[in-house]
Amino acid sequence: SLGPRRLLAVVKALFPQLSDTVFYFPADEFPGAAGLVALTIDDGICRQKANASMLPQVLEVLKSRSATATFFVCADYVREGDLER
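Residues numbered from 1 in each chain as written. Predicted model: local features only at pLDDT ≥ 70, side-chain atom pairs only at ≥ 80, totals over all residues. Heavy atoms only, no water.

## A few points about the overall build of the protein chain
So, point 1. Looking only at helices and strands, the protein chain has two helices and zero strands in total.
So, point 2. When each of the 85 residues of the protein chain is scored for burial, the buried share is 13%.
So, point 3. If you sum the accessible surface of the protein chain, you get close to 7,500 Å²; carbon and sulfur atoms cover 57% of it. (Helix = DSSP H or I, 4+ residues; strand = E, 2+ residues; numbered from the N terminus. Buried < 20%, exposed > 50% of the residue type's maximum accessible area, 1.4 Å probe, protein only. Areas by Shrake-Rupley, 256 points an atom, 1.4 Å probe, with all protein chains shown as cover.)

Here it is, written out as structure tokens:
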């Protein structure tokens, strides 16, 4: 079966540029991380023109999965209404 450690190895092999940014925290060593997934989406969610923003799609995926998220916001790229979502 493809457990978390093997999945991590596959991701690192397929995307070597991500090898320093993909991490796995075993639940026995980090019980607070059990059952959690953390993703980051950098430089693309709303840096482009308003019509190129991925923010609406990301918010829809989160909503459809009843997931929550924390966003890091760079004030240089925030548009009116983005923080109200």
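## With respect to the packing of aromatic side chains
So, point 1. Under the counting rule described, the total for this entry stands at one aromatic pair.
So, point 2. Between Phe 25 and Phe 30, the aromatic rings sit 5.1 Å apart at their centres with planes inclined by 85°, giving edge-to-face as the arrangement.
So, point 3. On the basis of relative accessible area, Phe 25 is assigned to the partly exposed category, the value being 46%.
So, point 4. Classification of Phe 30 as partly exposed rests on a relative accessible area of 37%. (Phe/Tyr/Trp six-rings, centres within 6.5 Å; stacked < 30°, edge-to-face > 60°.)

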